[in-house]
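# Chain and residue survey
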2 protein chains.
Amino acid sequence: MSNIIDNYREIINDYLTVYFKDKGSYNKIIYDSASYSLNIGGKRIRPILFLLTYNLYKDNYKDTIEMASAIEMIHTYSLIHDDLPCMDNDDLRRGMPTNHKKFGENIAVLAGDMLLNEAMSLMIKFSIEHGEKALKAAREIAEAAGPEGMIGGQIVDVINEGKSISKKELLYMHNKKTGELIRVSIVAAAILAGAPTKDIEILNKFGNKLGLAFQIKDDILDIIGDVSKLGKNIKSDENNHKSNFITLYGLEDCKKECENLTNECLELLKGLSVESIDLENLTLDLLNREF
Amino acid sequence: MSNIIDNYREIINDYLTVYFKDKGSYNKIIYDSASYSLNIGGKRIRPILFLLTYNLYKDNYKDTIEMASAIEMIHTYSLIHDDLPCMDNDDLRRGMPTNHKKFGENIAVLAGDMLLNEAMSLMIKFSIEHGEKALKAAREIAEAAGPEGMIGGQIVDVINEGKSISKKELLYMHNKKTGELIRVSIVAAAILAGAPTKDIEILNKFGNKLGLAFQIKDDILDIIGDVSKLGKNIKSDENNHKSNFITLYGLEDCKKECENLTNECLELLKGLSVESIDLENLTLDLLNREF
């Protein structure tokens, strides 16, 4: 299994490592700064999910690297802005200085902006070459990243810092902030691949549950994780006075819920019109991960 | 003339005023914050240029309001981020508190992100309905907003704060930071309208010169402008130790250059395959503006 996932990861890394290389003149630092955050050891979960899901239906998954990479750029921009002093004020990300610690706040703001802009630009160019299915996949991704998606979750996160939050609002926040981009990595790939409508519906539910399980696992690791493996400080929510699944439900219930969601995910995959062994294995990997 | 421009402005204002109205639940403040900056009296120059240029070739310009508005959203997001404490640290914009002064820095960062995301989302949805010409216009806009366009100019601006800058680099900076979005408002509209290739080439040159004239005029107003008319503090470049056209060329040469560029713009328009009296008048308006 891990060989297959490693293969996807390598394709993504090969593409992203050189993406901004040797670009720019007076503006060179914007490429260096964006490239730095894009290539400091991200797990590439979203683009892997994209390529893997596309590959359930079609062989030419390597031809969709632009779309997969656009999602990783959106994810990376959100991390750069999340880490800013006026947001979570984090110094460390994946074991390395955060973008603003290395390049300064002003450059970090613009590097985040640039990655979002580049992601959209990449999807638009891909759609010119690949037609309507690509454009519909791009629409899903843009919406999942927007105010009713990821940014919606981020805003609920920042306005509730230091406040107690209801379970309903916490669920809303996490489904949007983390869940939407994970869900859309799967759904957009299925749309692009021309998957049957029923499969897209199943994968949408699967993506929702996987995103939630992923976030609960993140919260668990934030409490009991190993800093050297995580590459970021633990107990960051506690230190930022943020509610999370652990503070609301307790550690044991969260572990249980994470397992339940994973089982529901595996059950859903059985309804697909295609074999999905790689996606099953990746789901289990995400449950069992230590970082 | 001003009636025609006012008519375009009204269409844009009507669309943008209600665009984010009554949206959201837990995330409501992201809409309020974005809507605030989008509707505090911007001159709407870019979307007016878009609608007006489209209308040189086709009557149904009202049907392109989404594309025109997307450009205004991109412009607004760039202002919100430019005003941040880690960037220009401006308290006043169009006579009102800047976004971060009213909503806080964290919300301002996200409101800017959201407007960029929404602009792209809007263009992608418009392209699904309107086909390839729309998609090509969207590509031009996304590129003009990106690292080789507006963001490229912004990064050169921030890294040179407090430093002396060569004339070549200043020209690069302004052509990118302000010029590109003005140029693309005109060119993207012509592409969407299906203008002849020769006209698109002329409008591209016209847009370049208009953008430069616009920025030189901005620098002039930054020195001799009326705060109550401008709605922002004057001498902001001086206070931020920034080079601009005035510091490099002096006030009189800048006034002269602004007039020269305007005349070159008017000359270019004569080569178009269509009547362009409205665009000529708007060009003169921009030269003679007091804010």
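Attention in this report is confined to the structure presented alongside it. Quantities reported herein were computed from a predicted structural model and do not represent experimental measurements. (Residues numbered from 1 in each chain as written. Chains lettered and ligands numbered in written order. Predicted model: local features only at pLDDT ≥ 70, side-chain atom pairs only at ≥ 80, totals over all residues. Heavy atoms only, no water.)

### Things to note about the overall build of chain A
Along its length, chain A carries 15 helices and two strands. A compact globule built from 291 residues should have a C-alpha radius of gyration of about 19 Å, and chain A, at 18 Å, falls within 12% of that. The principal-axis extents of the C-alpha atoms in chain A amount to approximately 55 × 45 × 35 Å. Within the span of chain A, comprising 291 residues, buried residues form 59% of the whole. Counted over contacts in chain A with a minimum sequence separation of 6, partners at least 24 positions apart contribute 74%. Working note: accessible area of chain A is about 11,200 Å², and carbon and sulfur atoms make up 47% of it. One way to put it: in chain A the 35 positive side-chain charges average out to a point 1 Å from where the 45 negative ones average out. (Helix = DSSP H or I, 4+ residues; strand = E, 2+ residues; numbered from the N terminus. Rg over C-alpha atoms; globule rule 2.2 N^0.38 Å. Buried < 20%, exposed > 50% of the residue type's maximum accessible area, 1.4 Å probe, protein only. Contact = heavy atoms within 4.5 Å. Areas by Shrake-Rupley, 256 points an atom, 1.4 Å probe, with all protein chains shown as cover. Lys, Arg positive; Asp, Glu negative; His and termini not counted. Charge placed at Lys NZ, Arg CZ, Asp CG, Glu CD.)

### A closer look at the environment of tyrosine 15 of chain A
Residue and element names in this part refer to chain A. With respect to the helices and strands, tyrosine 15 occurs in helix 1 (residues 2-19). Tyrosine 15 gets classed as partly exposed once you look at its relative accessible area, which sits at 21%. In sequence terms tyrosine 15 and isoleucine 65 are 50 residues apart; their C-alpha atoms lie 7.7 Å from each other. Once residues lying within four places of it in the same chain are set aside, the contact partners of tyrosine 15 are Ile65, Glu66, Ser69 and Leu122.

### Brief notes about the environment of serine 166 of chain B
Looking at the secondary structure, you find serine 166 of chain B in the loop between helix 8 (150-159) and helix 9 (167-193). Residues serine 166 of chain B and isoleucine 202 of chain B lie 36 residues apart in sequence; the distance between their C-alpha atoms is 29 Å. With near-sequence residues (within four places) excluded, serine 166 of chain B lies in contact with Tyr26 of chain A together with Leu248 of chain B.

### Examining the interface of chain A and chain B
By a widely used convention, the size of an interface equals the accessible area lost when the partners come together. Contacts between the two partners involve 49 residues from chain A, matched on the other side by 49 residues from chain B. Summed over both partners, the interface of chain A with chain B comes to about 4,500 Å²; 72% of that surface belongs to carbon and sulfur atoms. Our count for the contact surface shared by chain A and chain B stands at two salt bridges. On inspection of chain A and its partner chain B, the count reaches 14 residue pairs in polar contact (both at pLDDT 80 or more). At the level of secondary structure, the elements contributing two or more residues to the side of chain A that touches chain B comprise helix 2 (28-38), helix 4 (65-83), helix 6 (105-130), helix 7 (132-145), helix 8 (150-159) and helix 9 (167-193) of chain A. Per element, the largest residue contribution to the side of chain A that touches chain B is 16 residues, and it comes from helix 6 of chain A. (Buried area = accessible area lost by both parts, 1.4 Å probe. Salt bridge = Lys/Arg side-chain N within 4 Å of Asp/Glu carboxyl O. Polar contact = N/O pair within 3.5 Å; in protein donor to acceptor, adjacent residues only side chain to side chain.)

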